[in-house]
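Inside the fold
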Amino acid sequence: MRVLCSSTLIGEFFVIGFAGLVAMKDDSLAMSTVWWVCGSAMLLSVLLCGTLTRPGGVQLGWALQIALIASGLFVPVMFFLGAVFAVLWWASVHYGRRIDQVKADWAARQEAAQASVGPDAA
């Protein structure tokens, strides 16, 4: 799960940065505010890569997805991109957990097969 979710978060890092460049062109938004918000979100996306296996890591990822969708209020294309990344996040979590379970089952079967053959067979 960690690899898939981290890949999604790194992709979001770049999308948030590009959205910041687009938001800078809006005269009603202060450049310092845009970069403070975008910089914080970019930092969060990178830091979340390291917290995915800890309690609350996936939930923080969902909070980031909601924030990305909400950023569409300032950069309208982010409604679409935020929704795309929310779907990618769901798929990363869902299929990542399934892959982790399959890997664990395979490792258990391999260990059981090694145990049944015995240590002298190797």
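For the structure itself, look to the data block above.
The following refers to the structure shown. (Residues numbered from 1 in each chain as written. Predicted model: local features only at pLDDT ≥ 70, side-chain atom pairs only at ≥ 80, totals over all residues. Heavy atoms only, no water.)

What to know about the overall build of the protein
So the rule is basically this: Strands here mean DSSP runs of E at least two residues long; helices mean DSSP runs of H or I at least four residues long; both are numbered from the N terminus. Throughout, radius of gyration means the C-alpha value; the globule benchmark is 2.2 Å times the number of residues raised to the power 0.38.
A tally of regular secondary structure across the protein gives four helices and zero strands. Along the protein, from the amino end to the carboxyl end, the secondary structure elements read α-α-α-α. For the protein, whose C-alpha radius of gyration is 20 Å, the value lies well above the compact-globule estimate of 14 Å for 122 residues. Overall, the protein is about 75 × 20 × 20 Å in size when its C-alpha atoms are taken along their principal axes.

Brief notes about the packing of aromatic side chains
Keep this limit in mind: Pairing of aromatic rings covers Phe, Tyr and the six-membered ring of Trp, with a centre-to-centre limit of 6.5 Å; geometry is then stacked below 30 degrees between planes, edge-to-face above 60, and tilted otherwise. Each residue gets one of three labels from its accessible area relative to the maximum for its type: buried under 20%, exposed over 50%, partly exposed in between, using a 1.4 Å probe on protein chains only.
Using the criterion set out here, one finds two aromatic pairs in the structure. Where Phe-13 meets Phe-14, the ring centres are 5.3 Å apart and the plane angle is 85°; that geometry is what we call edge-to-face. What makes Phe-14 partly exposed here is its relative accessible area of 48%. Plain terms: the ring middles of Trp-90 and Tyr-95 are 6.0 Å apart, the flat faces sit at 80° to each other, and that makes the pair edge-to-face. Its relative accessible area of 39% is what places Tyr-95 among the partly exposed residues.

On their own, these measurements won't tell you what the molecule is for.
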